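Now for the letters of each chain:
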Amino acid sequence: MEIEINGINVSYDDEGEGKCVLLLHGWGANKESLSPIFNTVKKSFRAVAPDMPGCGKTGEPEKPWCAADYAEFIRAFIEKTKIRPFAAIGHSNGGRVLIKMSEGAFCPGKLILVDSAGLKPHRGASYYIKVYTYKLGKKILSLPGINKTGLYEKLLKNAGSEDYRSSSPVMRATMSRLLAEDLSHLLPGIKSETLLIWGERDTATPIADGRKMEKIIKGAGLVEIKGAGHFSYLDSPGVALGAIDYFLKH
């Protein structure tokens, strides 16, 4: 599906029935990268997942964005598509956007942050812009029950640049602006029932970030997945998807 938001053509998937769950992918990825989560959610709920600006089939912003710009974009997307998310799931930068949205009126009943960004970063922009494009594609292709036809090619084409140099100037500047922001001051204000899912071996957003969020977000629960990295839901789908499904249903 496609829709125009503030002059940007946005590609998004909308499947399933029932209460709506909004899914936001991470930096340098696209909505297809969340296929395992999307396919789990849509069995019991209505799953809606957009390609974020500058990713997948959605156009780039005209100028560099910060977290507030992404938050405003998702608010506009929610309003124009007339969805009413009872839950929201964000991986990496998608989690950062959801944390920023908590500063406003957005307060879903349930919030799931998977290997989320948002705290003071531990690496430079070039590292995050690379974000495991090849590894991500291989992991998705190794999962059972995933429609693999053309998926790897889509990931390589749409999931973001393979290195920092090939990323556009706007998106390089955008990542630099995102990394300059520390959203930890917003965590105490999150009112949603919150589940944190984290890879024990995450080197992009370390497990220490998840433990810090668990302490600061009131009532939050943390699932630490042994042996998993930044894409914990791909490294250990049984644990991650099981936790997501249970949390949404109870």
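Residues numbered from 1 in each chain as written. Predicted model: local features only at pLDDT ≥ 70, side-chain atom pairs only at ≥ 80, totals over all residues. Heavy atoms only, no water.

(A) Broad picture of helix α3 (residues 93-101). When you tally the buried positions in α3, you get nine out of nine residues, the bulk of the element. Lining the buried residues of α3 we find β3 (20-24), α2 (67-81), β5 (85-91), β6 (110-114), α7 (169-179) and α8 (207-216). (Buried < 20%, exposed > 50% of the residue type's maximum accessible area, 1.4 Å probe, protein only. Helix = DSSP H or I, 4+ residues; strand = E, 2+ residues; numbered from the N terminus. Contact = heavy atoms within 4.5 Å.)

(B) Focus on the sheet that holds strand β4 (residues 46-50). Ordered by their spatial adjacency, eight strands build an open sheet running β1-β2-β4-β3-β5-β6-β7-β8, and the pairing between neighbours is mixed. Two strands bound the open sheet, and with one partner strand each, they are β1 (2-5) and β8 (221-225). Neighbour-to-neighbour, the strand axes of the sheet open up by a mean angle of 20°, direction not taken into account. Where α8 meets the sheet, it contacts β6, β7 (193-199) and β8, and its direction lies at approximately 165° from that of β7. This element, helix α10 (residues 237-249), spans β3, β5, β6, β7 and β8 of the sheet and lies at about 180° to β7. (Pairing = 2+ DSSP bridges. Axes fitted to C-alpha atoms, helices over the stretch in contact; angles between N-to-C directions.)

(C) Layout of the packing of aromatic side chains. The final tally for this structure, using the stated rule, is five aromatic pairs. Ring geometry for W65 versus Y70: centroids 5.1 Å apart, planes at 85°, classification edge-to-face. You'll find W65 and Y70 in the same group, each marked buried. Ring centres of F231 and Y233 lie 6.4 Å apart, and the angle between their planes is 65°; this geometry places the pair in the edge-to-face category. One exposure class covers both F231 and Y233, and it is buried. In this structure an aromatic cluster arises from ring pairing among W65, Y70 and F73. The cationic tip of K19 hangs over the ring face of F86; the distance from NZ or CZ to the ring centre is 5.1 Å. Positioned above the aromatic ring of F247, the side-chain terminus of K110 is 4.5 Å from the ring centre. (Phe/Tyr/Trp six-rings, centres within 6.5 Å; stacked < 30°, edge-to-face > 60°. Lys NZ or Arg CZ within 6 Å of the ring centre and 35° of its normal.)

(D) Focus on the pairing of β5. By the criterion of burial, β5 is predominantly enclosed, with seven of the seven residues buried. In terms of strand pairing, β3 meets β5 through five bridges, oriented parallel. Directly across from V21, in β5, lies its bridge partner A87. Two strands pair when backbone bridges link them, and β5 and β6 are joined in this way by five bridges, in the parallel orientation. Across the sheet, the residue bridging to I89 is I112, located in β6.

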